[in-house]
Amino acid sequence: MSDQTRRRNVVWAATWLAYASYYLGRKTFSSAKHSLEAARLLDVTQLGYIDSGYLGAYALGQFLNGMLGDRVGARRLVGFGLMASAGLCALFGASSSALLLMLLFTLNGVAQATGWPGVTRAMTEWTTPQNRGTVMGFWSTCYQAGPLLAGPFAGMLIHAYGWRAAFQIPAAIMIAVGLLVLALVRPGPTPAGAAPAQSEEAIAERRAAQREVVRNRVLWSYGASYFCIKFMRYALQLWLPYYLQKRLGYADDMASYVAAAFEAGGLVGVVSIGVLSDRRWGRVGLSTISLLLLAVAMFACAMLVGASLWLNVALLALLGAFLFAPDSILCGAAAQDAGGSQAASMATGFVNGLGSFGALLVGLMVPKMAQAYGWSALFPCLVGVALLGAACLLPALRRPLSARVHA
């Protein structure tokens, strides 16, 4: 094995671990909602406000960190971002004021937003357009494995030690991973004949590429669809444990375990779509098909949820497979292709940032919808969102591949 191959494998593994670890700093709040409400620290409306504050900061942070990642590199953005999130989570676990809890988790949104632009910047440097779909398909399992492990881990800590420990113990793990990133992640190989990274020519090229990102109609199409995808994903990730507790009467730890089936199904979805998208199947076409199948699966959940424990697990796994598949490809390989080597971080941050405004609405809309219509309205609402997400991809689907990449 050559030194370059070894360094590439180290970067792939370190960034996979890093992004999975970010979920230790965000998934716990979802698992702890019922405990925070039971302790009378927060009511359901305040829980929604904290979600909105976090997601609003996360959305804006995607744009800012997207530009920053192309400038400072993945190593520093991810390493220091993880440690900042860890510090804020530790403080959250030590606080009792509703206002302070909201402030800390909002700031955590900015720190968490360093993750995706940073790790995709690193992966762009260590992949090629020819293998990117397959590599990113396997690598993107990090953001199913992360919540898949972080949710039950948080539930276990809450059950054994209380909600505060569920924030403080993961914070220590995040600090360790941040230090590991600073030690192991390095820039990818520079193409032959390329200008030095900080030369005036390279800076001018990077800025021109970043301006093209904002004018790229295909990226706007990706972002509009991703808006719908993130609304659905965060509606389920942030509220599934609470939903299972309130509607089906599951205990805190059991609700976290069952909700983890959603991410488990996502593991299958992202690998499958990544491999297929590098072959005869286009990235956008596969994403459109997945969203249509997701609408069917959402309808099945609306009709059958609660029939049995194992049927719930199977249905949630199916939702994860069809939702995470287009999620990973649109904000991963497809956006990286469109941004190119000069603006990959900004392109992924741009798509993720637009999508994150959809996630922002979750904290505002889901509690109000539940209060007005009951939790049984959740899945019928998401059927419509899935269909809208598929429709948003039609402009990009009609354009040839070369136009999608270079527009």
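Shown above is the structure to which this text applies.
Parameters at a glance
Residues numbered from 1 in each chain as written. Predicted model: local features only at pLDDT ≥ 70, side-chain atom pairs only at ≥ 80, totals over all residues. Heavy atoms only, no water. Helix = DSSP H or I, 4+ residues; strand = E, 2+ residues; numbered from the N terminus. Buried < 20%, exposed > 50% of the residue type's maximum accessible area, 1.4 Å probe, protein only. Contact = heavy atoms within 4.5 Å. Lys, Arg positive; Asp, Glu negative; His and termini not counted. Charge placed at Lys NZ, Arg CZ, Asp CG, Glu CD. Phe/Tyr/Trp six-rings, centres within 6.5 Å; stacked < 30°, edge-to-face > 60°. Lys NZ or Arg CZ within 6 Å of the ring centre and 35° of its normal. Patch = residues over 30% accessible without salt bridge, like charges linked within 9 Å, V, L, I, M, F, W, Y side chains within 5 Å. Areas by Shrake-Rupley, 256 points an atom, 1.4 Å probe, with all protein chains shown as cover. Salt bridge = Lys/Arg side-chain N within 4 Å of Asp/Glu carboxyl O.

1. Considerations on the overall build of the protein chain
In step 1: Broken down by element type, the protein chain carries 18 helices and zero strands.
In step 2: Seen through its principal axes, the protein chain has C-alpha atoms that stretch 60 × 45 × 40 Å.
In step 3: Counting all 407 residues of the protein chain, 58% fall into the buried class.
In step 4: Pairs at least 24 residues apart make up 84% of the contacts formed inside the protein chain by residues separated by at least 6 positions.
In step 5: Of note, the protein chain has its 30 positive side-chain charges centred 2 Å away from the centre of its 16 negative side-chain charges.

2. Digging into the packing of aromatic side chains
In step 1: Going through the model one piece at a time under the given rule, you end up with 18 aromatic pairs.
In step 2: When the centroid spacing of 5.0 Å and the interplanar angle of 40° are considered together, the rings of F29 and F105 count as tilted. Taken together, the residues F29 in helix α2 (residues 27–38) and F105 in helix α5 (residues 98–112) connect sequence positions 76 residues apart. For the pair F29 and F105, one class covers both residues: buried.
In step 3: Members of the aromatic cluster, joined through ring pairs, are Y19, Y22, Y23, W116, W139, Y143, F262 and F324.
In step 4: Its guanidinium or amino end placed over the ring of Y23, R26 lies 4.4 Å from that ring's centre, counting from NZ or CZ.
In step 5: The ring of W239 carries K33 above its face, with NZ or CZ at 3.6 Å from the centroid.

3. Some remarks on a nonpolar patch on the surface
In step 1: A contiguous nonpolar patch, built from M156, M254, Y257, L309 and W310 and spanning about 540 Å² of accessible area, is present on the exposed surface.
In step 2: For the nonpolar patch, the secondary structure elements donating two or more residues are α12 (252–277) and α14 (309–330).
In step 3: Residue position: M254 is located in helix α12.

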